[in-house]
Amino acid sequence: MFLAVRNVPYATDGAHDADTLMTLGRGDCLAKSAYLIEGLRALGYPARRVRWLYHLPDRPAEVRLLPSREDVHSAAEVLIDGRWALVDATHDPPLAAAGLAVGVWDGSTDTVPAYEPRGPLWRAGDGPEPMPNADVSERTDADSDNRYQTAFNRWLHEIRTGAATNARGTGAADV
């Protein structure tokens, strides 16, 4: 189950919920964590969503258009042998080429989080959900956010294309 979700391409212009993740064939952390939670529950494991604040990667350059790099990440936790384990299936394997954390799960211990938490983890019932940029007075205008999102998804695509090209031995490094 974990590998099936992890290997779906991560993209913020894809699905944002579990119902459309496999139909669109790509999705963000909300969609991937929700799909994973549903699958784990269907297999009989208690599972829940966990969220935290993090900083967006330094790339693409359009991240500078945003007043802050702070955002909220979603992942799953599953109860295994009486302990909640973090299971983060956000990034698909080709994204490791850009230094993004790609989870590997042994079925019992925590995966590496896709993004390093900045502050406490949040679970349902913990009080108000984490709010990115709560201390930033300037808000992102829709145009800047759209330009960033477009550039970010283009960057993810370029990483995958470059990783596939280099794996076939026809990349620039082989010229």
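Before reading further, recall that the structure is shown in the block above.
Residues numbered from 1 in each chain as written. Predicted model: local features only at pLDDT ≥ 70, side-chain atom pairs only at ≥ 80, totals over all residues. Heavy atoms only, no water.

Caption draft 1: Seen up close, the pattern of salt bridges. Taken as a whole and judged by the stated rule, the model has 9 salt bridges. Here Arg49 ties to Glu129 by a salt bridge, and the two come within 3.7 Å at their closest N and O atoms. Of this pair, Arg49 sits in strand β2 (residues 47-55) while Glu129 is found in the loop between β5 (122-123) and α4 (142-167), placing the two residues 80 residues apart along the sequence. According to the relative accessible area criterion, Glu129 is partly exposed, its value standing at 34%. Residues joined in a network through salt bridges with shared partners are Arg48, Glu77 and Arg123. (Salt bridge = Lys/Arg side-chain N within 4 Å of Asp/Glu carboxyl O. Helix = DSSP H or I, 4+ residues; strand = E, 2+ residues; numbered from the N terminus. Buried < 20%, exposed > 50% of the residue type's maximum accessible area, 1.4 Å probe, protein only.)

Caption draft 2: Highlighting a nonpolar patch on the surface. On the surface, Met1, Leu43 and Tyr45 cluster together into a nonpolar patch covering about 300 Å² of accessible area. Note that Tyr45 resides in the loop between α3 (29-42) and β2. On the basis of relative accessibility, which here comes to 38%, the residue Tyr45 falls in the partly exposed class. (Patch = residues over 30% accessible without salt bridge, like charges linked within 9 Å, V, L, I, M, F, W, Y side chains within 5 Å. Areas by Shrake-Rupley, 256 points an atom, 1.4 Å probe, with all protein chains shown as cover.)

Caption draft 3: Spotlight on the environment of Ala18. Turning to its location among the elements, Ala18 is positioned in helix α2 (residues 18-24). Residue class for Ala18 comes out buried when judged on its relative accessible area of 8%. Sequence spacing of Ala18 and Ser33 is 15 residues, and the spatial spacing of their C-alpha atoms is 7.9 Å.

Caption draft 4: Local environment of the sheet that holds strand β4 (residues 83-87). Judged by pairing direction, the sheet is antiparallel, and its 4 strands sit side by side in the order β4-β3-β2-β5 without closing on themselves. At either margin of the open sheet sits one strand with a lone partner, and together these are β4 and β5. In the sheet, β2 pairs with β5 via 2 bridges, with the strands oriented antiparallel. Paired with Arg51 across the two strands is Trp122, which belongs to β5. Those strands touched by α3 are β2, β3 (70-80) and β4, and its axis lies near 10° from that of β3. (Pairing = 2+ DSSP bridges. Contact = heavy atoms within 4.5 Å. Axes fitted to C-alpha atoms, helices over the stretch in contact; angles between N-to-C directions.)

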